[in-house]
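Observations on the three-dimensional arrangement
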Amino acid sequence: MEADLKHLTDIELCAIVHDGDSRRNAAFEILYDRHSPRVYTYCRRVLGDITVLDDVFQETFVRFYNSLLGNREMTNVPAFILRIARNLCLGEKDRIKNQAVAFEEFHSLATLPTFESEEMMKLIDMALTMLPEEFREVFVLREFMGFSYNEIAETLGTTMPTIRTRIYRAKNMIREILAPYITDINS
């Protein structure tokens with residue numbers, strides 16, 4: 001039965017889950033399979049803490065499922081799921097900050113073949129941790145997740161010019177942070 005549903009759009013799958021017919025579970029599994037890798041990567045890049053990451057990731061899809069059962073109209077499923085993940089990640093970071101627990105540096109999911117590439121990814125991860133949240137988030141969404149400017153603006157509930165400015169500033173900040181290391185590597 002699941003194979004019959006795979007060709008359906010996200011919106012059509014959401015309608016099946018909402019209507020509650022016998023294909024509800026299969027439809028939700030397809031939505032999960034389509035969107036979970038992107039959500040996991042986003043949460044991993046934003047949180048970095050593997051123990052908290054799993055809870056936030058799972059809660060994202062629980063809330064998504066519950067919202068499908070309600071009367072919410074879905075127009076952009078990836079943006080909606082990512083907005084849930086974003087809100088949960090930000091809430092978790094606030095909770096951690098309020099408990100005075102240090103933010104653990106996150107590690108790249110990418111496995112790169114050479115030592116130099118690995119070192120460069122460590123430097124980039126370090127630079128990302130130094131960015132203010134508003135710049136880190138848009139940079140991760142654009143450069144690591146491949147979101148368009150429009151998708152980022154919709155997900156974060158802001159305008160495309162704001163997103164363009166934040167990404168531009170994030171790239172400049174990363175260049176400034178990495179400049180001494182790059183100079184050292186090249187000499």
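Definitions and limits used
- Residues numbered from 1 in each chain as written.
- Predicted model: local features only at pLDDT ≥ 70, side-chain atom pairs only at ≥ 80, totals over all residues.
- Heavy atoms only, no water.
- Phe/Tyr/Trp six-rings, centres within 6.5 Å; stacked < 30°, edge-to-face > 60°.
- Helix = DSSP H or I, 4+ residues; strand = E, 2+ residues; numbered from the N terminus.
- Buried < 20%, exposed > 50% of the residue type's maximum accessible area, 1.4 Å probe, protein only.
- Lys NZ or Arg CZ within 6 Å of the ring centre and 35° of its normal.
- Axes fitted to C-alpha atoms, helices over the stretch in contact; angles between N-to-C directions.
- Parallel < 35°, antiparallel > 145°, perpendicular 65-115°, else oblique.
- Left-handed = near helix turned anticlockwise from the far one by under 90°.
- Contact = heavy atoms within 4.5 Å.
- Nonpolar A, V, L, I, M, F, W, Y, C, P; charged D, E, K, R; others polar.
- Core = buried A, V, L, I, M, F, W, Y, C linked by side-chain atoms within 4.5 Å.

Another point: the packing of aromatic side chains. For the structure shown, the criterion picks out 8 aromatic pairs. Between the aromatic rings of Y32 and F61, the centroid separation amounts to 4.8 Å while the plane-to-plane angle is 65 degrees, which identifies the pairing as edge-to-face. You can see Y32 sitting in helix α3 (residues 24-47) and its partner F61 sitting in helix α4 (residues 50-69), a full 29 residues away along the chain. Residue classification places Y32 among the partly exposed positions, given a relative accessible area of 30%. What makes F61 buried here is its relative accessible area of 4%. With 6.2 Å between their ring centres and 50 degrees between their planes, F64 and F80 make a pair best called tilted. With F64 in helix α4 and F80 in helix α5 (residues 77-98), this pair connects stretches of sequence that are 16 residues apart. As far as the burial class goes, F64 and F80 line up, both buried. Through a chain of ring-to-ring contacts, three or more aromatic side chains come together here, namely F28, F64, Y65 and F80. In this arrangement the basic side chain of R142 is found over the ring face of Y149, its NZ or CZ atom lying 4.5 Å from the centre.

The next point concerns the packing of helix α7 (residues 133-144) against helix α8 (residues 149-156). Where α7 meets α8, the closest approach of the two axes is 10 Å, and the angle between their N-to-C directions is 135 degrees. Taken together, α7 and α8 sit at an angle that is classed as oblique. Considering how the two elements wind past one another, α7 and α8 form a crossing that is right-handed. Two secondary-structure elements touch here, α7 through E137, V138, L141 and R142 and α8 through Y149, I152 and L156. Per-class residue counts for the contact of α7 with α8 are 5 nonpolar, no polar and 2 charged.

Glancing now at the nonpolar core. Within the largest apolar cluster, 44 residues are counted, with the highest numbers of intra-cluster contacts made by Y42 and F64. Elements supplying a minimum of two residues to this core: α2 (10-19), α3, α4, α5, α7, α8 and α9 (160-186). Of all the elements, α3 adds the most residues to this core, at 10 residues.

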